[in-house]
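Residues per chain are reported as follows:
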Amino acid sequence: SGRIHLWSPAGADWSSSRGISTDTGECTSHDHVETIRGLVWICEQRVLISGSFDKSIMKWVVKDGSLVHQQTYATQAAVTCLIEHETSGSVVFGSEDGSVSQLDSISGTIFQIAELGSGVCSIAWLSNPIPGDQTAWVACGLGDGTIVVHETEAKFAPRPAAPIRVLNGPKGGVRSLLWHED
């Protein structure tokens, strides 16, 4: 379903969870209408970002222990994965149509980073790929087993830039990526 539940680790089961609620305790009309594929918590802003197959990203703020819907952003295709940049508050998301875009969670601006040939299954930030360089990269795991690496500064280009690197992986989708810096 397209509902988000708040859950306390102190509770032993889902009966301690609650849906996104208004002051009356009823669910809001802001639930996603299709499956939620990704959640990102932006700690400094106390904001939760959710992405769904319903071609939307929603921004929620935490107030008095509840999530309150703040904004809905329409996307061109079903959102399949999200990741937050640890310092900027930007969120990069991949879509079923192979597009990769970046959302500035403060201004709400969305710009496309890349158009890839297969649906995006996973994303990882590469925040310091070249020591001393300030440019960040994003690695995208695709449904065809390929991993494609792009710069995230593509918003200044008139169209999405060419990939920095393409790695051919195993048969099947790349469902998870992790970047570790030494």
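Presented here is an overview of the structure given in this document.

1. Looking at the overall build of the chain
Stage number 1. Along the backbone of the chain there are zero helices and 14 strands.
Stage number 2. Counted from the first residue to the last, the chain has its helices and strands arranged as β-β-β-β-β-β-β-β-β-β-β-β-β-β.
Stage number 3. Looking at the chain as a whole, 46% of its 182 residues are labelled buried.
Stage number 4. Across the chain, every contact between residues at least 6 apart in sequence was considered, and the portion connecting residues at least 24 apart equals 39%.
Stage number 5. Carbon and sulfur atoms form 50% of the exposed surface of the chain, whose accessible area is close to 10,100 Å².

2. Considering the side chain of Ser101
Stage number 1. When you line up the elements, Ser101 lands in strand β9 (residues 99-104).
Stage number 2. For Ser101, a relative accessible area of 8% gives the class buried.
Stage number 3. Sequence-distant contacts of Ser101, that is, excluding residues within four places in its chain, are made with Val91, Val92, Phe93, Ile110, Phe111, Gln112 and Ile113.

3. Digging into the sheet that holds strand β6 (residues 66-74)
Stage number 1. As summarised here, the arrangement of the four strands in space is β3-β4-β5-β6, forming an open sheet in which the pairing is antiparallel. The open sheet terminates on both sides in strands that have one partner only, identified here as β3 (36-42) and β6. Going from strand to strand, the sheet's axes swing by 20 degrees on average, the running direction of each strand aside.
Stage number 2. Note: strand β4 (residues 47-52) against strand β5 (residues 56-63), six bridges, orientation antiparallel. Paired with Ile49 across the bridge in β5 is Lys59.

Parameters at a glance
- Residues numbered from 1 in each chain as written.
- Predicted model: local features only at pLDDT ≥ 70, side-chain atom pairs only at ≥ 80, totals over all residues.
- Heavy atoms only, no water.
- Helix = DSSP H or I, 4+ residues; strand = E, 2+ residues; numbered from the N terminus.
- Buried < 20%, exposed > 50% of the residue type's maximum accessible area, 1.4 Å probe, protein only.
- Contact = heavy atoms within 4.5 Å.
- Areas by Shrake-Rupley, 256 points an atom, 1.4 Å probe, with all protein chains shown as cover.
- Pairing = 2+ DSSP bridges.
- Axes fitted to C-alpha atoms, helices over the stretch in contact; angles between N-to-C directions.

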